[in-house]
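Topology and contacts: notes
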Amino acid sequence: MIGEDSSASYLEVIERLSKFLSWSVSNGIQVLDAVRVDARWDGVSKKYTLCIVSTRHLHCFEKLLSIPKTVCLGAKTCSISKELVAVGLGGGLALNFAIAQELALGPDSCWFDYLCILPGKGEQSLPMFWSKQERKKLKGTSLYSHIIMDDQSFADDYEFGFKLLQKYINFKSDRVNFELYKRAVSIAASRAFYIDEYFGECLIPWADLFNHSTHNMHVKVYCSKSSSRNTFDMDENEVLIRSVQSVRKYQELFNTFGLQSNSSLLHKYGFCELSNKNGFVPIYSPFGKLRHDKTSRAWSEVYEIYSDGRIEHNLVISIGYYVSFYRNFAYSNKKEFVSECVSSAKTILNQQLSEFEVAGGEIIEERNIKARSGGGFIGAAAANMLRNEEIGTLNSAIQMVEREGNKLWGKYYREFR
């Protein structure tokens, strides 16, 4: 089977890695002597995982790798590129079928030795692969509804694309089943980079071997001079990877996926990050469709509760608007108006909290959660971390509303009268 798996021995992983390194050289990938790939045992996922480490002290802005864009796996470079154009598939759907096609080709694929170092069964840490029992741990969180919708979306996308491509001889219709397609989707979701307008999103060999750290990025992937606003010269036909800070010898090198919440990281990459302060809890409009009025200023169908307990300003406005114009509350003074706004806000927040009570599940202290290599958390540990985080955010919001209700709504008393 293509790709690494939990049963692979260290020697098997090293053999696959050796073939990948040879493949890299033969395909024009330049790897400077400043970096190497390491295979390390991950005690949480119970398998060998790959990472990139420095082989010497690195200076800031050193060139580490150069990858020809034509070596990257995408809709424009795969073995069914013409077929994808012919049927009009583009974007993420085209990339998913491009990867599925190359997985189905096995040793006949130009990317075989590269694909062999990727997870053979797909990125199994992603919730899209979790069982119903495992998914129950996510009930109440902002992620749960997304993965339920994903199930139908994956099935619809597969059926749509497969029907269009199955008439072409080059397309491996006998091998690209739904299971293989999901594997391709998981790999694309967790590893793809946007290169440029022509190539779109692709798998970039080597670039996807760097693990993620939000606040400790050592390297950056540069795909084009114009989009990255680089101050150095680069060939428009290549992808460059450079260091962005000084790094000591034998240190693991991290890239970053950007400032993302743990819900987003778990959804797309299969892990949560400890002490991630970029989280928020979405609150879907509890008011239904309000008639647009200048007094309400602005609103959305979804509002955000930030990790420190602050509620989005537009939700503050909407609550004040709702209390004033839809509750028909007779206010004798500002204090009563603020009190009613605070009560409405707490009702909304407690309703969201009740989703976690319905879901049940054990709340686990972070110090008791075992970390995977790289500092992230996967599986049940990640689910519990996300639950704890969102419950804490909502409780903080309730406390803030109680504490600062007058500050939040008092200034709107006369405006909403």
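Calculation criteria
Residues numbered from 1 in each chain as written. Predicted model: local features only at pLDDT ≥ 70, side-chain atom pairs only at ≥ 80, totals over all residues. Heavy atoms only, no water. Pairing = 2+ DSSP bridges. Helix = DSSP H or I, 4+ residues; strand = E, 2+ residues; numbered from the N terminus. Salt bridge = Lys/Arg side-chain N within 4 Å of Asp/Glu carboxyl O. pLDDT = per-residue confidence, 0-100. Contact = heavy atoms within 4.5 Å.

**Overview of the sheet that holds strand E4 (residues 63–68)**
An order of E1-E4-E10-E9 is seen for the 4 strands of this open sheet, with the pairing classed as antiparallel. The strands lining the two open edges of the sheet, one partner per strand, are strand E1 (30–31) and strand E9 (219–222). As defined by bridge partners, E4 adjoins strand E10 (residues 238–243) across 5 bridges and the pair is classed as antiparallel. Its bridge partner lying in E10, Ser-66 is registered against Leu-240.

**Considering the pattern of salt bridges**
Across all of its chains, the model carries 14 salt bridges by this definition. Note that Lys-19 is salt-bridged to Glu-15, the shortest N-O span being 3.8 Å. Of this pair, Lys-19 and Glu-15 both sit in helix H1 (residues 10–26), 4 residues apart, roughly one helical turn. Several salt bridges share partner residues, and in doing so they unite Arg-36, Asp-38, Arg-40 and Glu-252 into one network.

**Considering the confidence of the model for the protein**
The predicted model of the protein averages 87 in pLDDT, with 86% of residues at 70 or higher. Confidence over residues 290–298 falls short of pLDDT 50; this stretch has 22 contacts with residues more than four positions distant or in other chains. Throughout residues 366–370 the model reports pLDDT below 50, and contacts reaching past four residues in sequence, or to other chains, amount to 9 contacts.

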